[in-house]
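# Examination of the molecular architecture
The chain contents come next:
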Amino acid sequence: MMMLRMFQAQRAASSPIRRWLSALPAHQVVGLPALSPTMSSGVIASWKVSEGGSYAAGDVICEVETDKATVDFEAQDDGIVAKI
């Protein structure tokens, strides 16, 4: 259910009208995936890339703190952090 809600929120946030009104360049909102099978929620403990910083696939973007552990969130594709 959590992934479905995140997908619906991403789809609403990336609508053409909202993108057209945004001050940011064309972008894609990246949601927080479940990093373990039992993960129900997570909080970003620290960012490893600052706004405007670029990253490559495999780079650690941030650390996510769950109820059981702190896990690195690795980028799947190359990109630039537009806004945190």
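One structure accompanies this document, and this report is about it. Counting restarts for each chain: residues are numbered from 1 in the order of the written sequence. Whole-chain, interface and lining totals are the exception, using all residues; otherwise, since this is a predicted model, local features are given only for residues with pLDDT of at least 70 and side-chain atom pairs are given and counted only at 80 or more. As a rule here, side-chain values cover all heavy atoms of the structure and leave hydrogens and water aside.

## Notes on the environment of K68
- Numbering goes from the N terminus for both helices and strands, where a helix is a DSSP run of H or I of at least four residues and a strand is a run of E of at least two. Within the fold, K68 resides in the loop between β3 (60–65) and β4 (70–74).
- Along the chain, K68 and G42 lie 26 residues apart, while their C-alpha atoms are 9.8 Å from each other.

## Description of a negative patch on the surface
- Residues D59, D72, E74, D77 and D78 make up a contiguous surface patch of negative charge.
- For D72, the location among the structural elements is in strand β4. In this scheme, patches are assembled from residues that exceed 30% relative accessible area and form no salt bridge. Like charges are connected within 9 Å, while nonpolar side chains (Val, Leu, Ile, Met, Phe, Trp, Tyr) are connected within 5 Å. What sets the accessible areas is the Shrake-Rupley method with a 1.4 Å probe; for residues, cover comes only from the shown protein chains. One side-chain nitrogen of Lys or Arg within 4 Å of one carboxyl oxygen of Asp or Glu is enough to make a salt bridge. Working convention for charge: Lys and Arg count positive, Asp and Glu count negative, and His plus the chain ends are omitted. Where a charge lies is defined by one atom per residue type: Lys uses NZ, Arg uses CZ, Asp uses CG and Glu uses CD.

## Details of the nonpolar core
- Residues belong to one nonpolar core when they are buried, are Ala, Val, Leu, Ile, Met, Phe, Trp, Tyr or Cys, and are joined through side-chain atoms within 4.5 Å. A simple rule labels every residue: compare its accessible area, found with a 1.4 Å probe on the protein chains alone, to the largest value its type can have, and call it buried under 20%, exposed over 50%, or partly exposed in between. Counting residues in each nonpolar core, the largest one holds nine residues, listed as M39, V49, Y55, I61, C62, V64, F73, A75 and V81.
- Among the elements that take part in this core, β3 stands out by supplying three residues, more than any other.
- By the convention used here, residues are in contact when the closest approach between their heavy atoms is within 4.5 Å. Apart from the residues lying within four places of it in its own chain, the contact partners of I61 are W47, K48, V49, Y55, F73 and A75.

## Here's the deal with the layout of surface pockets
- In this structure, the largest pocket spans a volume of roughly 860 Å³.
- Think of a 1 Å grid over just the protein atoms. A cavity is a set of points where a 1.4 Å probe fits yet cannot get out, a pocket is an open set with protein on both sides within 12 Å along at least five of seven lines, and lining residues have an atom within 4 Å of a point. Taken together, 28 residues form the lining of the largest pocket, with Q28, V29, V30, G31 and Y55 sitting closest to its centre.
- Only β1 (43–47), β3, β4 and β5 (79–80) provide two or more residues apiece to the lining of the largest pocket.
- Its residues assigned to classes, the lining of the largest pocket comprises 18 nonpolar, six polar and four charged. Grid points are joined across faces, edges and corners, and a volume is the space filled by probe spheres set on the points. All amino acids are sorted into three groups, where Ala, Val, Leu, Ile, Met, Phe, Trp, Tyr, Cys and Pro are nonpolar, Asp, Glu, Lys and Arg are charged, and the leftover types, Gly among them, are polar.

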